Every structure is written in structure tokens, then in C-alpha cells.
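Chain by chain, the residues:
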Amino acid sequence: MRSRQRMFAAVMRLLLKCLRLGRRRRFKLVRQVEQLWHYGRLCLRSLLYNSFTNSDVVLDSLFEPVYWLVDHVTRWFGVVFVALVIGLTSSIVAIVYICLLPLILQTYTPAWICWHLAYGHWNLLMIVFHYYMAITTSPGYPPQAKDDLTGVSICRKCIAPKPARTHHCSICNRCVLKMDHHCPWLNNCVGHFNHRYFFSFCLFMTMGCIYCSISGWDMFRDAYAAIERMKLLEKERLQVAANQTYYQTPPPTFTFRQRAFHKSVVYLWVLCSSVALALGALTLWHAALITRGETSIERHINKKERQRLQKKGKVFRNPYSYGSWNNWKVFLGVDVPRHWLTRVLLPSPHLPHGTGLSWDLPPCVTEQRAPLLAI
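It should be emphasised that the depicted structure is a prediction, and the values quoted were computed from it without experimental measurement.

Draft legend 1. Representation of the overall build of the protein chain in the model. Each helix and strand counted, the protein chain has ten helices and eight strands in total. Residues classed as buried in the protein chain amount to 34% of the 375 residues present. The long-range fraction of contacts in the protein chain, counting pairs at least 24 apart against all pairs at least 6 apart in sequence, stands at 67%. Within the structure as shown, the protein chain displays about 25,100 Å² of accessible surface, and the carbon and sulfur contribution to it stands at 65%.

Draft legend 2. Region of interest: the side chain of H192. Structurally, H192 can be placed in the loop between β6 (188-190) and α5 (195-215). A residue is classified by how much of its surface remains accessible, and H192, at 4% relative accessible area, is buried. From its side chain, H192 meets the backbone oxygen of G354 in a polar contact 3.2 Å long. In this structure H192 touches P139, L177, K178, P352, H353, G354, T355, G356 and W359, once residues within four positions along its chain are discounted.

Draft legend 3. Representation of the UniProt feature "transmembrane region" (unreviewed entry) in the protein chain. What UniProt calls "transmembrane region" (unreviewed entry) maps, in this numbering, to residues 76-100, 112-133, 197-220 and 266-288. What you have in residues 112-133 is 100% helix and 0% strand, and the ends, taken at the C-alpha atoms, are 31 Å apart. Taken end to end, residues 266-288 is 100% helix and 0% strand, and its two terminal C-alpha atoms sit 33 Å from one another.

Draft legend 4. Spotlight on the packing of α5 against helix α7 (residues 256-292). Remark: α5 packs on α7, axes separated minimally by 8 Å, with the N-to-C direction vectors making an angle of 140°. Note that α5 runs across α7; the crossing there is left-handed. Tallied by class, residues from the contact of α5 with α7 come to 17 nonpolar, seven polar and no charged.

Draft legend 5. The arrangement of the environment of H167 in detail. In this structure, H167 sits in strand β3 (residues 167-169). The class of H167 is buried, set by a relative accessible area of 15%. Considering only alpha carbons, one finds H167 and H181, 14 residues apart in sequence, at a separation of 9.4 Å. In this structure, H167 is in contact with K162, R174, C175, V176, M179, I297, E298 and I301, ignoring residues within four places of it in sequence.

Draft legend 6. Representation of the packing of aromatic side chains. Throughout the structure, instances matching the rule amount to 16 aromatic pairs. Look at F81 and W185: their rings are 4.9 Å apart centre to centre, the planes differ by 40°, and that puts the pair in the tilted class. Of this pair, F81 sits in helix α3 (residues 64-107) while W185 sits in the loop between β5 (181-183) and β6; the two residues are 104 residues apart in sequence, bridging distant segments of the chain. Exposure remark for W185: the relative accessible area of 42% places this residue in the partly exposed category. Between the aromatic rings of Y131 and F201, the centroid separation amounts to 4.7 Å while the plane-to-plane angle is 45°, which identifies the pairing as tilted. Within this pair, whereas Y131 is found in helix α4 (residues 110-136), its partner F201 is found in helix α5, the two being separated by 70 residues in sequence. F201 carries the same exposure label as Y131, and that label is buried. The ring of Y320 has R165 lying over it, and the distance from NZ or CZ to the ring centre is 4.5 Å. In this structure, R174 is placed above the aromatic ring of Y141, and the distance from its NZ or CZ to the ring centre is 3.6 Å.

Draft legend 7. Up close: the nonpolar core. Residues L186, F201 and L268 are the most contacted members of the largest nonpolar core, which totals 39 residues. Residue assignment for this core shows that the elements contributing at least two residues are α3, α4, α5, α6 (217-243) and α7. Considering every element that reaches this core, the biggest residue donor is α5, with nine residues. Here F201 is in contact with V85, I127, H130 and Y131, once residues within four sequence places are set aside. Among the nonpolar cores identified, the runner-up in size contains eight residues, and A287, I290, F331 and V344 belong to it.

Rules behind the numbers
Residues numbered from 1 in each chain as written. Predicted model: local features only at pLDDT ≥ 70, side-chain atom pairs only at ≥ 80, totals over all residues. Heavy atoms only, no water. Helix = DSSP H or I, 4+ residues; strand = E, 2+ residues; numbered from the N terminus. Buried < 20%, exposed > 50% of the residue type's maximum accessible area, 1.4 Å probe, protein only. Contact = heavy atoms within 4.5 Å. Areas by Shrake-Rupley, 256 points an atom, 1.4 Å probe, with all protein chains shown as cover. Polar contact = N/O pair within 3.5 Å; in protein donor to acceptor, adjacent residues only side chain to side chain. UniProt positions renumbered as here; feature names shortened; annotations may be inferred. Axes fitted to C-alpha atoms, helices over the stretch in contact; angles between N-to-C directions. Left-handed = near helix turned anticlockwise from the far one by under 90°. Nonpolar A, V, L, I, M, F, W, Y, C, P; charged D, E, K, R; others polar. Phe/Tyr/Trp six-rings, centres within 6.5 Å; stacked < 30°, edge-to-face > 60°. Lys NZ or Arg CZ within 6 Å of the ring centre and 35° of its normal. Core = buried A, V, L, I, M, F, W, Y, C linked by side-chain atoms within 4.5 Å.

In C-alpha cells, the structure reads:
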């Protein structure tokens, strides 16, 4: 009798323990759900934490996954873009040497032959030099030792002092001195030390494409007419074959070399004209920025600052602008008149003014810097 009572008591105690354990687990699950709910509400309220939050901040937060995807795709496809630039440029050069140069030597006068040979090879040399320097030259980064670094702000990504005109590149994942933008066609950032190479490459590439488009206009019209004639004769040949009129003389056919020549001329003109329009617009945009002493990033920053100060009755003046002409001299590194030849019209690996960490008055500028604010 006592053994049965003990067994019954043990079973009841085990049942009570199971009920308590299940109740604790259920309470723990409910507590976790409540914590997740409170955390979600906190994240949602953090978007409207203070008065500085606006629709732009909300949109940036929503599009953050898209920005992350674009950054990583650009980082990995940079090598592909560089190979594409080299491949397309090499194809144009090959067509000029194989197809157009023999024709120029046979039909043009000696004066025009000397002009095309001199200008064409000079333009090609400037394109190759500046593109190579733009992709291999580091844009410039703040030093790792932060003791002697004078920063005007703190980078939120690097958690380090950030000098003036320095910005963080999300693709390179580091701060860049005088950053203009990250160029996928260079697979490199455009910054303080390679900004001149980038602009010179765009300028000389645009000039080369315009030169090819203008010089090859007559050849393009003849080649396009020949291709249309090829299509018409091919259509007539197929009709003759379908009617089986063997007593008729078949229309003449073009050889493979003739077809390749005409198609290559059309390809050269269409590609050069397209690049001249697109790259020419980009070159003009950067030329306007250089004239104002700004980078692409600073243009947006200065625009907002100009609008903010305008509401207060003040005028914003760019502290890094020394006047249109002096801005070009500083950008190109022209200190004396002969530098227009040795540093602008000829390949030159000279360094830009300053270190990118501080912005003292360049030696080629005689005027004093304008104040930041003027009432």
C-alpha cells in the first residue's frame, strides 16, 4: 500500500515538473517575441529621431541594399571595364593602321600625309600615357598615423580624422584625398594625384574620336553605300538562284576582304562618333568644375551650402577657387609659361600642387584667397 502511494506521488511530481517546464518555455518564447517587437519599433522610430531627418534620409535607408549591390558590382567589374576600354581602343587603332593608313598614303598629298601622321601619333601617345597613369597612380589616401594629421571632420566609416576635401569611397572602402568620384572605366578612384591624368585622358580621347569621325566621314559614306549595294546584290543573287535561270550572268559578289574593309570603316565611324558625344559631354562637365575649382562631390556640397547661406542673406565663396584662369594653372601644374608645352602638350608625370592634406596658396597664384563667407 505504501509503495503504491509513493509511486503515485512520484508520478504526480513528475507531471508537475513537466507542466512547469512547458510553462517556462512558453513564457520565454513570448518574452522573445516581445523583445523583437520592441526592437522593431525602436528601429522604426530611429528614422524620425530628430528634426534633421527628412525624406532623403528615409530614401537613402531604404535604398541602402541597392547601393551595396552597386558598389560591389562596380568593384568586381572594374577589371572588365578596363579590358573593354583597351580592347575597343586597340580595335580602332588596328583598323586605322590596316585599312585607312594605306589608303591615306596612296590618295593624300604629302602635306596632308605628314599632318595625319604627326597629329594621329601624338594624340595616340597622349591617350595611352594618360590612361596608363590614371589607372596605375594612387589617388592619394590620408596617412595611417593619425597623430600629426589635421582633420576638419571625422569619417563615419573609417572612424578617423578626415582632412579638407577628403571623402570616403564606399567601393574602395577607404578615404580618398580630394576625391572626385570612383571611375569604373579606370577601376580606380579619381583623387588628388590622378585627377589631371583622368581629365587629360578624357580630353585627348574626345579629340581623337572627333578627329577620326571628321577624317573618316567620306570613307564612312562610301563604305555605307557599298554595304547597301552588297545587300542588294545578295538579294538579287538569291532570286536568281531561286528562279534557276542559269543562262543569266550572276551579279558580281564582293570578296571577304572588301566586306571586312567596309564594315570596319562603318564600325570605326559609329564607335568614334558615339564616344565623342558621350565622353565629350563628360569632359565639358569636368572642365566647368575645374574652372570653378570644384570636384564632382564638392559641387553638390557647395550647392546646398550656397542655398543655406542665401536664406540668411549671405553669399558663399569657394575657398579653393583662385579664379578661372588660376584654377586651370593650379590643376595642370603650370608654374611658368614653358610648362604649357612640357606639362600640357607633352606627356608629363609631374605631381600636383600640395600634398592633399592641407591647401596652401600655390606658387603660381598671385592673388589672395577669397574669404569663405561674404555678407
